Amino acid sequence: MTISIGNDHAGPEYKQAIMQHLESKGYTITNYGTDTTDSADYPDFVHPVAKDVNDGNADRGILICGTANGVAMTANKYQNVRAAICWMGEIAELARQHNDANIICIPARYTSIPQAIKMVDIFLNTEFEGGRHKRRIDKIPLSC
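The structure presented is a predicted model; accordingly, all values stated were derived computationally and were not measured. (Residues numbered from 1 in each chain as written. Predicted model: local features only at pLDDT ≥ 70, side-chain atom pairs only at ≥ 80, totals over all residues. Heavy atoms only, no water.)

Draft legend 1. Summary view of the pattern of salt bridges. In the structure shown here, the tally under the stated rule is six salt bridges. Salt-bridge contacts for Asp 100 lead to Arg 82; the nearest nitrogen and oxygen are separated by 3.2 Å. Here Asp 100 is found in the loop between α4 (89-99) and β5 (103-107), whereas its partner Arg 82 is found in the loop between α3 (69-75) and β4 (83-85), with 18 residues between them in sequence. Of the charged contacts in the structure, one is a salt bridge between Asp 100 and Arg 96, with a shortest N-O distance of 2.8 Å. Since its relative accessible area comes to 3%, Arg 96 is described here as buried. Look at the salt bridges and you will find they share partners, linking Arg 82, Arg 96 and Asp 100 into a network. (Salt bridge = Lys/Arg side-chain N within 4 Å of Asp/Glu carboxyl O. Helix = DSSP H or I, 4+ residues; strand = E, 2+ residues; numbered from the N terminus. Buried < 20%, exposed > 50% of the residue type's maximum accessible area, 1.4 Å probe, protein only.)

Now the structure itself:
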């Protein structure tokens, strides 16, 4: 599975820990995030992650910033992206099961690194349930 990951200045430690964890499990990672805590504009790393997922160049995406709001808003502008803000494992699981989310957005200021890794594992290993949920997600994209 190929994963694109990005982060702003709130998430370099999270990104490094998540990448190490996923690489040890054999995932292929494309890193678009910053490696420093110097102020960075989150759209600069969100767009390449969202484009990878939107265009099918990545199976899933991971975005990390302070609250996860800005990254989710930006990523969800893409037609084939369903980015979900997750702050606990149950939310990550339901985002996959019910919404077929393909990008997890992690609020670094409100989660710990171990929580983030657990959420990523759940997110990557949970299948979409389909059925009535498929009908609903088919109504999300604009047709204009």
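Draft legend 2. Fine view of unusual backbone geometry. You will see that Ala 68, though not glycine, has its phi angle at about 75°, which is positive. The class of Ala 68 is buried, set by a relative accessible area of 0%. Residue Asp 100 is not a glycine yet carries a positive backbone phi of 50°.

Draft legend 3. Broad picture of the side chain of Asp 121. Assignment of secondary structure puts Asp 121 in helix α5 (residues 113-125). Not counting chain neighbours up to four residues away, the residues in contact with Asp 121 comprise His 21, Leu 22 and Lys 25. (Contact = heavy atoms within 4.5 Å.)

Draft legend 4. Molecular detail of the packing of aromatic side chains. Summed over all chains, the structure comprises zero aromatic pairs. Across the ring face of Phe 123, the terminal group of Arg 96 is positioned such that the distance to the ring centre comes to 6.0 Å. (Phe/Tyr/Trp six-rings, centres within 6.5 Å; stacked < 30°, edge-to-face > 60°. Lys NZ or Arg CZ within 6 Å of the ring centre and 35° of its normal.)

Draft legend 5. Structural context of the sheet that holds β4. Strand order in this open sheet of five strands is β2-β1-β3-β5-β4, and the pairing throughout is parallel. Strands with a single pairing partner mark the edges of an open sheet, and in this sheet they are β2 (28-31) and β4. Each strand axis lies, on average, 20° off the axis of its neighbour in the sheet, ignoring direction. Of the strand pairs in this sheet, strand β3 (residues 60-65) and β5 are connected by five bridges, and their pairing is parallel. Following the sheet pairing, Cys 65 is matched in β5 by Pro 107. Running at roughly 165° to β3, helix α2 (residues 43-54) makes contact with β1 (2-7), β2, β3 and β5 of the sheet. (Pairing = 2+ DSSP bridges. Axes fitted to C-alpha atoms, helices over the stretch in contact; angles between N-to-C directions.)

Draft legend 6. Examining the environment of Lys 25 more closely. Mapped onto the elements of the fold, Lys 25 is located in the loop between α1 (12-24) and β2. On the basis of relative accessibility, which here comes to 48%, the residue Lys 25 falls in the partly exposed class. Between the C-alpha atoms of Lys 25 and Lys 15, which are 10 residues apart in sequence, the distance is 15 Å.

Draft legend 7. Local environment of a positive patch on the surface. Together, Arg 132, Arg 135, Arg 136 and Lys 139 give the surface a local cluster of positive charge. With respect to the helices and strands, Arg 136 occurs in helix α6 (residues 132-137). (Patch = residues over 30% accessible without salt bridge, like charges linked within 9 Å, V, L, I, M, F, W, Y side chains within 5 Å. Areas by Shrake-Rupley, 256 points an atom, 1.4 Å probe, with all protein chains shown as cover. Lys, Arg positive; Asp, Glu negative; His and termini not counted. Charge placed at Lys NZ, Arg CZ, Asp CG, Glu CD.)

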